[in-house]
Amino acid sequence: MSRYIATRAIRGANGLVAEAEAMVSSAILDQGPDTPVAFPNTAYYLPVALGMTGIEVETLGQLSDVVAHARRLLHPVPADHQWTPYLGETLDSGMATLLAAETIEAIRYIDGRQPEVMPGFDLAGGSAFTSPDTDAVAEESPNGHLNGAIDDIQLRSWGIQLVDGRMPGFAAIVGCAKSNEVAVQIVRELQRRNILCFLSGNVNGRSIIHQLIEEGVELGYDTYTVPFGTDTISAIYALGFATRSALTFGGLKGGQGREILLYNKDRVFAFVLALGEVDDLKYAAAAGAINFGFPVIADTVIPQILPTGVTTYEHVVSMPFNEIDGVDDLERAERLVQKCIEVRGVKVHIADVPVPVPYGSAFEGEVVRKADMRVEFGGKQSRAFEYLRMAELDKVTDGKIEVVGPDFSEIEPEGHMDLGIVVDVAGRQMEKDFEPVLERQIHYFVNGASGIQHIGQRDIAWIRLSTKATDAGFRLEGFGKILHARFHADFGAIVDKVQVTLVTDPPMLTELLNEARVAYDFRNKRLEDLTDTAVDVFYSCTLCQSFAPNHVCIVSPERLGLCGAYNWLDCKASFNINPTGPNQPIKLGRSVDSIKGYWEGTNEYAKIGSHGVVDEVAMYSIMENPMTACGCFECIVMLIPEANGVMVVSREDTSMTPAGMTFSTLAGLAGGGIQTPGVMGVGKFYLASPKFISADGGFKRVVWMSSFLKDSMSDELKVVADLAGDPALIDRIADERLVTTVEELLPWLEEHEHPALTMEAIL
Ligand code: SF4
Ligand code: ZN
């Protein structure tokens, strides 16, 4: 252990705790101890304080308890003549620093000094609902501020990617890179590996955030590159995110500090990258991160700390930028990123996709605005479709990519043309049932290319190519190269050969489109026929166990996984791809109760899969042994006893519900892998299933639902209403625009003659 680091971290911690104390006292004097304190859209109060001390901070007065706790963790700065190991003292000081930093940011939220103002800056994606009509987005005025704290909605929507390994971890980048060029390269290298980048801090007033904005790098949730703030203490939001991962997905509770830290060390692959000079405060904050098992890599000369077990490998690694081997700074930046990954032991797998633009999931959310567009396929003025079909092995030439018809070179800038993407796949393990599963991947695969935007599927696909991408040399064949590479990389176990045809020739396009439509109809029919009674196996999904160790989803044809990403066919395909993977067939065996949805097979599995936490699972009830949830549910269904029904809140809805809680708060009740009768996390398409809480009366029990669901699922809900024999059923259901309290709800339901009021008592 380095005495130098201990001295500086302890000094930094003492300074910051004193500052936090002063701020708390003066804020209490000015505004009173009862002034509310909160980060936006979170059920976890101030997450580090909650996790480490168990204090649920809601008012300024409670911040005194948090700083008092921080004060108790402080140690005197080591005297010159004395030598002790210091590690414990340094770690304690780090934790004190985190508590103080969170306190300061919380006060700044009251003052409106968080999120930090950055005039003219536009957050990519932001927290607002992004309309698929991307031209509308372009007209919105810039937000003009940095991100500040990450909200629970975003944490949960990243959850599934963190869990299934698509997103291997996060990098907390603090400071300022050697040059703008290096800053961009570091972020690109991380994005390429789908590692989330959290940005904060500065060196002499200049931050990597300034560098990236100057270079036109899109920052925000959508690009996995989140600018917290230009000072060091905003890095606290990264540790708040880490703490909440443990609370959300790990089922841990506030106050279980040690467990939360171990959870992060074992499951959250994060590290700190300190760019530029490291001052006392940065040493102190770094010591805080080390508590979580997150190592610190600095691009300057600082003392190193070798392994002691707190992190997996080294704790602090110094890699002076100018001494890194490399022909130029870009190569040095790449090596620096590689070093970080190695020190943290981050597991990264990337498919090598041979296209002339950057490629990786970080580009999936990228938007191509009309003004930046070279050409579009589909949308309002042209048609694009995609069709994946299974073929005989000897009918497919692997890697063959053919363009039939003219390229877009003759199309005017910002113009449009028709396009058909036909993918022929063959493989010994391939099944007709996997066609739609694979076809749906086209959206993700194509979107991974920087400068390409893909929306929709089937014959309503809409693809935009940016001028930047076409200037870099991207042509129609590029789609084929992406699809060939990704289908092999991700589905190699069922796909042996992939051939792609890009069709623009009108007669051939029409012919193939007709063939595709016949196939779409056939698949729709197949899905309708695919009911729970038509099969004798369901599938388990334990993908989320890397985060929520005791949760398992049981996926049936009529009940998809609660994240919305895995239906029965997906699970079946996944089992074929990886027979020892997270999706295992569950043989149903004897039916125990066909109404509530118990089988010998599912009960047996629930016990094993949950490691004994759950005894039985009722597939069709929220009231008795409901399925557990991890944290990635799309919606929460919750009993409203007064209304004899349930409400359904969607992840997108941040407003107050009649249960007196917002989605974020409810999510705390629903998650963590435990059964809570009356509360259940579900995938939104389960709402449209005939098996939706069918043991409790089915969809007619829904008395309130987020308007987002009414709007985004209007077609599906119309079918549900017709099936229920009441075409006006959806209009009898309240939403947050109409009703936000249970007192308002009852008269509203009576006025609209909601069927739940006359149904048998649910309790
Ligand atoms: Fe997680 Fe369930 Fe989705 Fe599987 S189906 S990824 S366990 S939420
Ligand atoms: Zn999950």
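Remember, predicted model here, so these are calculated numbers, not experimental data.

Thresholds, definitions, all that
- The residue count restarts for each chain, going from 1 along the sequence in the order it is written.
- Ligands are numbered from 1 and chains lettered from A, in the order in which they are written.
- Totals for whole chains, interfaces and linings use every residue, but because this is a predicted model, local features are given only for residues with pLDDT of at least 70 and side-chain atom pairs only at 80 or more, for both listing and counting.
- Excluded from the side-chain calculations are hydrogens and water; all other atoms, namely the structure's heavy atoms, are used.
- Put simply, DSSP H or I for four residues or longer makes a helix, DSSP E for two residues or longer makes a strand, and each gets a number counted from the N terminus.
- Throughout, radius of gyration means the C-alpha value; the globule benchmark is 2.2 Å times the number of residues raised to the power 0.38.
- Note on classification: 1.4 Å probe, protein chains only; a residue is buried when its accessible area is under 20% of the maximum for its type, exposed when over 50%, partly exposed between these limits.
- Two residues form a contact once any of their heavy atoms are found within 4.5 Å.
- Here the accessible surface of atoms and residues is derived via Shrake-Rupley with a 1.4 Å probe, and residues count as covered only by protein chains that are part of the display.
- His is not counted here, nor are the chain ends, while Lys and Arg score as positive and Asp and Glu score as negative.
- For this purpose, a charge sits on NZ of Lys, CZ of Arg, CG of Asp or CD of Glu.
- Grid points spaced at 1 Å over the protein atoms alone were grouped into cavities, where a 1.4 Å probe fits but cannot get out, and pockets, open sets with protein on both sides within 12 Å along at least five of seven lines, with lining residues defined by an atom within 4 Å of a point.
- Grid points are joined across faces, edges and corners, and a volume is the space filled by probe spheres set on the points.
- For this classification, the nonpolar set comprises Ala, Val, Leu, Ile, Met, Phe, Trp, Tyr, Cys and Pro, the charged set comprises Asp, Glu, Lys and Arg, and every other residue, Gly included, is treated as polar.
- Every axis in this analysis is a line fitted to C-alpha atoms, fitted for helices over the stretch in contact. Angles between the N-to-C directions lie between 0 and 180 degrees.
- For classification purposes, angles smaller than 35 degrees are called roughly parallel, those larger than 145 roughly antiparallel, those between 65 and 115 roughly perpendicular, and all remaining angles oblique.
- Crossings are assigned a handedness: left-handed for a near helix turned anticlockwise from the far helix by less than a right angle, right-handed for a clockwise turn.
- Salt bridges, as used here, are contacts in which a Lys or Arg side-chain nitrogen is within 4 Å of a carboxyl oxygen on Asp or Glu.
- It is the directions from the helix axis to the C-beta atoms whose arc is reported.
- Note on donors: an N, O or S atom is included if it sits within 2.8 Å of the metal, or within 3.2 Å for Na, K and Ca, and water is never included, so sites can look incomplete.
- Only centres within 6.5 Å qualify two rings of Phe, Tyr or Trp (six-membered ring in Trp) as a pair; their planes then separate them into stacked at under 30 degrees, edge-to-face at over 60, and tilted for everything else.
- For a Lys NZ or an Arg CZ to count as sitting over a ring, it must be within 6 Å of the ring centre and within 35 degrees of the ring normal.
- By definition, disulfides here are pairs of cysteine sulfur atoms that lie within 2.5 Å.
- A cutoff of 4 Å decides nearness: a residue is near a molecule or strand if any of its heavy atoms lies inside that distance of it.
- Whether a molecule sits in a cavity or pocket is decided by its atoms, more than half of which must lie within 2 Å of the grid points.
- Only residues whose relative accessible area exceeds 30% and that take part in no salt bridge are eligible for patches, with like-charged residues grouped when within 9 Å of each other and nonpolar side chains (Val, Leu, Ile, Met, Phe, Trp, Tyr) grouped when within 5 Å.
- Where each domain starts and ends follows an automatic or database-derived domain assignment.
- Pairing between strands is defined by DSSP: at least two bridges between the two strands are required.

(A) Representation of the overall build of the chain within the structure. The helix and strand inventory of the chain stands at 22 helices and 23 strands. What you see for the chain is a C-alpha radius of gyration of 27 Å, in line with the 27 Å of a compact globule of 763 residues. Summarising its shape, the C-alpha atoms of the chain cover approximately 80 × 65 × 50 Å along the three principal directions. For the chain, the residues scored as buried account for 58% of the 763 residues in total. Of the contacts formed within the chain by residues at least 6 apart in sequence, a portion of 75% connects residues at least 24 apart. Summed over its atoms, the accessible surface of the chain is roughly 29400 Å², and 51% of this surface lies on carbon and sulfur atoms. Positive and negative charge centroids in the chain, built from 62 and 103 side chains respectively, lie 4 Å apart.

(B) How the structure looks around empty space enclosed by the protein. Under the definition given, this model contains five cavities of 30 Å³ or more. Lining the largest cavity are 35 residues, and of these Val272, Lys282, Ala285, Ala286 and Ala287 lie nearest its centre. Elements supplying a minimum of two residues to the lining of the largest cavity: helix H4 (87–111), strand E1 (169–175), helix H9 (236–249), strand E4 (269–275) and helix H11 (280–291). With eight residues, H11 is the largest single contributor of residues to the lining of the largest cavity. Each residue belonging to the lining of the largest cavity can be placed in one class, and the counts come to 31 nonpolar, three polar and one charged. The calculated volume of the second largest cavity comes to roughly 80 Å³.

(C) Fine view of the packing of helix H3 (residues 60–72) against H4. Relative orientation of the contacting elements H3 and H4 amounts to 160 degrees, with a least axis distance of 8 Å. Classified by the angle their axes make, H3 and H4 are roughly antiparallel. Crossing of H3 over H4 shows left-handed handedness. Between H3 and H4, the contacting residues are Leu60, Leu63, Val66, Val67, His69 and Ala70 on the first element and Ala96, Leu99, Thr103, Ile107 and Ile110 on the second. Across the contact of H3 with H4, the residue classes break down as nine nonpolar, two polar and no charged.

(D) Spotlight on the pattern of salt bridges. Counting across every chain of the model gives 36 salt bridges. For Glu189, the salt bridge goes to Arg193, with nearest N and O atoms at 3.0 Å. Note on accessibility: Glu189 and Arg193 belong to one class, buried. A salt bridge links Asp722 to Lys718, with the shortest nitrogen-to-oxygen separation between them at 3.5 Å. Of the two residues, Asp722 and Lys718 both sit in helix H21 (residues 714–723), four residues apart, roughly one turn of that helix. Classification of Asp722 as partly exposed rests on a relative accessible area of 39%. A network of salt bridges, in which partner residues are shared, links Glu431, Asp433, Arg526 and Lys572.

(E) Broad picture of helix H19 (residues 663–670). All of the buried residues in H19 are Phe663, Ser664, Leu666, Ala667 and Ala670. Along H19, the residues classed as buried sweep out an arc of 160 degrees about the axis, all on the same side. Of the residues flanking the end of H19, it is Gly672, one or two places downstream, whose phi is positive at about 85 degrees.

(F) Highlighting the coordination of the zinc ion (ligand 2). Within the first shell, the zinc ion (ligand 2) binds the protein through Cys544 (SG), Cys630 (SG) and Cys632 (SG), at distances of 1.9 to 2.1 Å. Here the donor residues of the zinc ion (ligand 2) share one chain and are spaced in sequence as C-x85-C-x1-C. Here Cys544 is found in the loop between strand E15 (537–541) and strand E16 (553–555), whereas its partner Cys632 is found in the loop between helix H18 (600–609) and strand E20 (635–640), with 88 residues between them in sequence. The same class applies to Cys544 and to Cys632, which are both buried.

(G) Region of the structure containing the packing of aromatic side chains. Per the stated rule, a full pass over the model turns up 25 aromatic pairs. A ring pair is formed by Trp599 and Tyr620, whose centres lie 6.1 Å apart and whose planes are at 85 degrees; its orientation type is edge-to-face. One end of the pair, Trp599, is in strand E19 (residues 598–599); the other, Tyr620, is in the loop between H18 and E20, and 21 residues separate them in sequence. As far as burial versus exposure is concerned, Trp599 and Tyr620 are alike and both buried. In this structure an aromatic cluster arises from ring pairing among Phe39, Tyr109, Trp158, Phe170, Phe198, Tyr221, Phe228, Tyr237, Phe241, Phe292 and Phe294. A cation over a ring is seen here: Lys691 above Tyr620, with NZ or CZ 5.5 Å from the ring centre.

(H) Region of the structure containing the state of the cysteines. What the rule picks out here adds up to zero disulfides. With no disulfide of its own, Cys571 has Cys541 as its nearest cysteine by sulfur position, at a separation of 5.4 Å.

(I) Here's a closer look at the site of ligand 1. Ligand 1 sits among Ile160, Cys541, Leu543, Cys544, His551, Cys553, Gly561, Leu562, Cys563, Tyr566 and Cys630. With respect to the pocket detection grid, ligand 1 is positioned in the second largest cavity.

(J) Molecular detail of a negative patch on the surface. Negative charge collects at one region of the surface, where Asp122, Glu218, Asp372 and Glu414 lie side by side. Considering the arrangement of structural elements, one finds Glu218 in the loop between helix H8 (208–214) and strand E3 (225–229). In this structure Glu218 comes out as partly exposed when scored by relative accessible area, which is 34%.

(K) Main features of the domain arrangement of the chain. As assigned here, the chain comprises domain 1 (3–111), domain 2 (122–344), domain 3 (361–493) and domain 4 (532–758). On a C-alpha basis, the centroid separation for the pair domain 2 and domain 3 is 31 Å.

(L) Structural view of the sheet that holds strand E7 (residues 373–378). Spatial strand order, E10-E7-E13-E12: four strands in an open sheet with mixed pairing. Every other strand in the sheet has two partners, leaving strand E10 (415–417) and strand E12 (452–455) as the edge strands with one partner each. When the angles between neighbouring strand axes are averaged without regard to direction, this sheet yields 20 degrees.

(M) How the structure looks around the sheet that holds E15. On the basis of which strands lie adjacent, the open sheet formed by three strands has the order E16-E15-E17 and antiparallel pairing. Among the strands making up the open sheet, the edge pair consists of E16 and strand E17 (585–587). This sheet shows a mean twist of 35 degrees between the axes of neighbouring strands, independent of strand direction. Bridge analysis of E15 against E16 gives three bridges, and the strand direction is antiparallel. Bridge pairing links Cys541 to Cys553 in E16.

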